[in-house]
Structures are given as structure tokens and as C-alpha cells.
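What follows is the residue order along each chain.
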Amino acid sequence: MSKQIEALKKEQLARLRKLGSLDVSTFSEADVRAVIIDPVVEILGYEKEHDFSVNREKHLKVLDADLFVDYELLLWQESFWVIEAKKVSRAKLKFDKKELLQTLTYAAHPEINAALMVLCDGRVFEIYDRERSLTNPVERVEVAKLAEEFEKLQRYLSPWQAWFYQKSRVPRFVAKVMNSEMTASRVGELRTILNRQLDVAQETARENRRKLLVGKDRQEERRELFNSLELPELVEYFMFDPCSRADISSLVESVVAKGGFQGQAALLKIFPSRPRNINDSFVCHSLMLLIEYESQLDAPILLPGWLTGAEGATNLGAAIKNLIRLSLTSFTGDRPRQIVLQYSASVRRLAKIILALVPASNAMGQYSHQQIRHIVDELDDLQIMTTPERENLIALDRIQHWLTHQFVRRYCDDRSAFDVAGALTALKDSWATEKALLGNGTAYRTALKGRGLDDEIHPTEFNWVSYDGLGHYALCVLESSEKWTRYVLESHHDDLLRIAGSGSWRAQKMLGRDGLARTATDQENADRFFDGDIALYQSLHAGYSARSTV
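Computed from a prediction, not measured in an experiment: that's the story for all the values here.

Participant: When you look at the packing of helix α25 (residues 522-529) against helix α26 (residues 534-545) in this model, what are you seeing that I'm missing?
Facilitator: The description of two helices packed together rests on the angle between their axes and the distance between the axes. At a closest axis distance of 8 Å, the pairing of α25 and α26 adopts a crossing angle of 100°. The angle between α25 and α26 places the two elements in the roughly perpendicular class. Together, D522, Q523, N525 and A526 of α25 and I534, Y537 and Q538 of α26 make up the contact between the two elements. Considering only residue class, the contact of α25 with α26 consists of three nonpolar, three polar and one charged.

Participant: How should I be thinking about the environment of L157 in this particular structure?
Facilitator: Relative to the assigned elements, L157 resides in helix α4 (residues 146-157). Among the residues examined, L157 registers a relative accessible area of 2% and is labelled buried. The sequence separation of L157 and W81 amounts to 76 residues, and the corresponding C-alpha distance is 8.0 Å. Apart from residues no more than four positions distant in its own chain, L157 is found in contact with L44, Y46, W81, L116, V118, I127 and A162.

Participant: Quick question: what am I supposed to make of the environment of H493 here?
Facilitator: Following the sequence through the fold, H493 ends up in helix α23 (residues 493-501). Looking at H493, the relative accessible area reads 38%, which means it is partly exposed. When sequence neighbours within four positions are dropped, the list of residues in contact with H493 reads V488 and L511.

Participant: What am I meant to see in the packing of aromatic side chains here?
Facilitator: Aromatic ring pairs are described here by two measures, namely the spacing of the ring centres and the angle between the planes. A complete count under the given rule lists 16 aromatic pairs for this structure. When the ring of F271 is compared with that of W306, the centres are 6.2 Å apart and the planes differ by 55°; the resulting orientation is tilted. Highlighted residues: F271 in the loop between α11 (264-270) and α12 (280-296) and W306 in helix α13 (residues 305-308), separated in sequence by 35 residues. Aromatic side chains F462 and Y544 sit 6.4 Å apart centroid to centroid with 65° between the ring planes, which places their arrangement in the edge-to-face category. Here Y544 lies in helix α26 and F462 lies in the loop between α20 (442-450) and α21 (469-478), a separation of 82 residues in the sequence. Exposure remark for F462: the relative accessible area of 25% places this residue in the partly exposed category. Given the relative accessible area of 1%, Y544 is considered buried. One aromatic cluster in this structure is built from F52, W160, W163 and F164.

Procedures and definitions
- Every chain's residues receive numbers from 1 upward, in the order its sequence appears when written.
- Under the rules for a predicted model, residues below a pLDDT of 70 receive no local features and side-chain atom pairs below 80 are neither given nor counted, while totals for whole chains, interfaces and linings still include all residues.
- The basis for the side-chain values is all heavy atoms of the structure; hydrogens and waters are excluded.
- A fitted line through C-alpha atoms serves as each axis, taken over the contacting stretch for helices, and the angle formed by two N-to-C directions is quoted from 0 to 180°.
- Each helix is a run of DSSP H or I of at least 4 residues and each strand a run of E of at least 2, with the numbering of both proceeding from the N terminus.
- Roughly parallel means an angle under 35 degrees; roughly antiparallel, over 145; roughly perpendicular, 65 to 115; everything else is oblique.
- Between two residues, a contact is recorded if the distance between any of their heavy atoms is within 4.5 Å.
- Three residue categories are used. Nonpolar comprises Ala, Val, Leu, Ile, Met, Phe, Trp, Tyr, Cys and Pro, charged comprises Asp, Glu, Lys and Arg, and polar comprises the others, including Gly.
- Exposed residues in this analysis have more than 50% of their type's maximum accessible area, buried residues have under 20%, and partly exposed residues fall in between, with area computed by a 1.4 Å probe over protein chains only.
- Each Phe, Tyr or Trp ring, with Trp reduced to its six-membered ring, pairs with another whose centre is within 6.5 Å; inter-plane angles below 30 degrees give stacked pairs, above 60 give edge-to-face pairs, and intermediate values give tilted ones.

By themselves, these are just geometric observations and shouldn't be taken as functional.
Written out as C-alpha cells, the structure is:
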């Protein structure tokens, strides 16, 4: 995804030279399209049925009139620019007002909404940016000079360049709208709207990257994919998902490799001083990352005080011990991050209730399933695995991630302080909504079964209710470290007993036959997971434990 323009191949240059040598004086408009424009579009990087595609004779409606655009150029099925072909009908190499207005009508049409528009009569290409000037083109290349000056067209019209150019419209529009604004609250409102839109785009990008990983069967291919990604993609797209042991190792290796000087860039992103968007998987992968850094680094690194405690900002061992303690105690002692984790688990449960009880919400899975069936190779494993029900369950990950991100942004102010009171109130509102929708649980369980959503592997219903999923997963990732597994057995025996009692097979295995798992009381679970509200805990636990009526 680079702005760098690729050099043309020898055969492409030869083709452009041939175009430049043609006598087009007798060409019809159809000749201009077929002989001149089609090869240029292809060399720019567009082809039918591709991410960077072209539509010819695109049909548009204006009132009762039918319009047809000669060329609509698309990136990922979205219009980005248009070309209008003209026959040679003028002595000067210059287009007239009528021709420019015709192209402007196409570019400004709601179904197109492109800034860039191109005219070509077989002798010259002119590129206009309708939002900058309709008096002078932003670029102009004569066909006779195509081989020498093709980079001028690439700079605006090659797929990646067109994509970057399109993004530049956003700050221009914001500047136009806000140039005379004098009210701070309205600036804040616009920031909120833009942030929400960018967050949706981020979730889309995250899901697209995850689908790439699903299509990789061999571990070597998966490792190569992790290695090809930048640090922000590794952290924001993959550290939130449960992984196989091999994928965890590949993910951690890639983050370490791209972590910047002594890993500082990675650690600052994963462990900022303020609370960030996290879930159980993110915490456990972060723990694994610290352990990997411990084995590799021979120089001190700076870590935030919430992670190292009183041991000092460069004490990596203390940071690992503290993160283990937090992971095995549901972040007791770190109220801001505990609230984030509680909220993350709650909105996932709430989203699943809505998926089960609200028919319209199931359209997400059907739409995603149809996309995969249409886009992914027919022999790809993803084609075998995809079903509307599976895609709905996968959608829970996206919903959980997006809503938690919004939650953290809302309760962290510009100085990075976390509004614990406000966040706790929102968390309790989420719990109250969850309780009201769940009721006694029988309708929920029946709907889950009826919609084919009752076989989820992730323990959504009981995680952060009566099951300590964070503690269990932390113990699983620690299995690869003999040193830290031994530390847990020696220093967190009571936590092991409690986690085993919640249903963790890993904790039970670590305790062995002599370990007596301890089942927590209702009040203990209420204190740990629901801020001491035993009535809320008992209601949710009973509701999620209910059986289907069919």
C-alpha cells in the first residue's frame, strides 16, 4: 500500500510508444475508446472483475433522462474517477465547455461522486479535479508523449494514487465546513462524528485482514502474513483474537521484530499509560509478549507505572509478575482496566442476546456469508467453513471490539485521565439492559437453538459471570514458559484453586490430582464480576443457565 509509482515494463513502454505514433485524425469515438483509452486503463492497473476494476457504459438517471458514462473506474467496488471519450473534432488540443460540463455531470452524480474526471479525444488526456478548478486541468498529457510522460497520469490515476488522492478530499471538506466556526462544542461534535466513521472503517479493515489469515492453511503461510504486517495492524487486528499456540508464537515474534528500538514502540502501543481497548485475549497475548521480551532484551526498557508498580519503570520481571497477578485476579486493584474488561464482556453478551431475539440483526451474518461465497476462491477452506450462523458468531468479535473502543474513547479525556465514575455508570447501564433483555433465559436459549447459534466455542454467556476466562487463557499462554508456570504454582495457588473451580481445565491440570478446586460463592462471583451486586449476578447466572423449551 505505497504511494510509490511502479516503473513501467518494457512491453508496456513499447505499447505506449505505438499508441503515440498512431494517426488518430479519422478515429471515431469508439476507436478512441478501443484503441487509445482501453490500453491506457489496463497499463494504469485496472481490469474487469478485479479489486481495481472498470465499468464501461455505466448507466445513470437524471430525472427521466438516461445517461451513460464511458468509463467508471472503481477501487473495491467504489467509484473513484471517470473518463469521457471524444472523437477528434477540433483543430486545437482543447476541450470545450459543453464537453467538460457533460463529464462534470457524470462525476458529480450521487452514484459516482468522483473528484477526478478525465477527457480524451485520442490526442490528449486532460485530468480535472472538479473540487479545485474547472478552468485548468490538474494534469495534461498528449498521446504522442505517453511513453515519456505516463508517470503524470499514474500520479493521479493509478489505483493506489487515486485512493490516496480521494482521501485528501476529507480534510479539504472539513476545512471548508469549519473554516468560520467559533463554537468549541460544534467542533467537538464533528470530531465525534468523524471518529465514529473512522472507527467503522477500522473495523472493516480489521475484519478484512482476519479473513486473509483464515485463508492461510499452512503455518508457514500464516507466519509470512504476520511478518508482512505493520506494527499497528498486528496489535489492533490480531491481538484481540484467541489463537492457536503456533499463531500466538508467530504473532509475538512479528510484534517483537517490528517493535522499534528495544521494543519500545510496541510496548508503548500495547501498554499506554491510560486505559485502552482490551479484551481477555489482548491481555494474555500482551503477557506472552513481555515474556518473549524478557528472553531477548539485554537492556532496560521503560514501562508504565501501572504495570511495574513500585519496582521501577524498567523492571521487566516486576511487570510480568504484576500482569500475571492482574490476569489471575480479574484485574482486581486496577479499577479502570477492570471496568474496560467488564464492559467488553458485557457488550458481547448483550450483542448475542440481540442476535438471538431480534430477527433483523441476523442480516449481518447472511450478508457476510454471501460476500465470502461471491469473493473467495471456491476451493478455499473459508468456503467450506462459512455459514450465515458462523458469520453471525464471528460478528460478535467485531461488535465487542468496536463498542469497547467507543467506550474507552468516551471516558478518556484529552489529558488521558479515565472517568471511572462515568465509565462505571455506563457499565451498570449495560448490565441492567442485559438483565432486562435476558429475563429468565428460556426465550433466549430457545432462540439461540432456533437460529443455530447455540454451538459457540467461546464461553460468551458465562465469561465474566461465573467463569474466569481471562484467568484460564492466561494460564494457557504461560504453559510455554516453565519459569513462569512454576512461579504461578508457587505464588498464586489460591487463584489456581478458584480458577479451576470456575471450570478451567488448564488450572485443574496444573493443580494435578491433589489439587482441590474451590467453587466460588455467589457473593464472591458478584464481588469479582459485578461490583458486589449479588442480585444481578444471580439473575444473569440463572438466565444463562436456563434450558431451551424445545
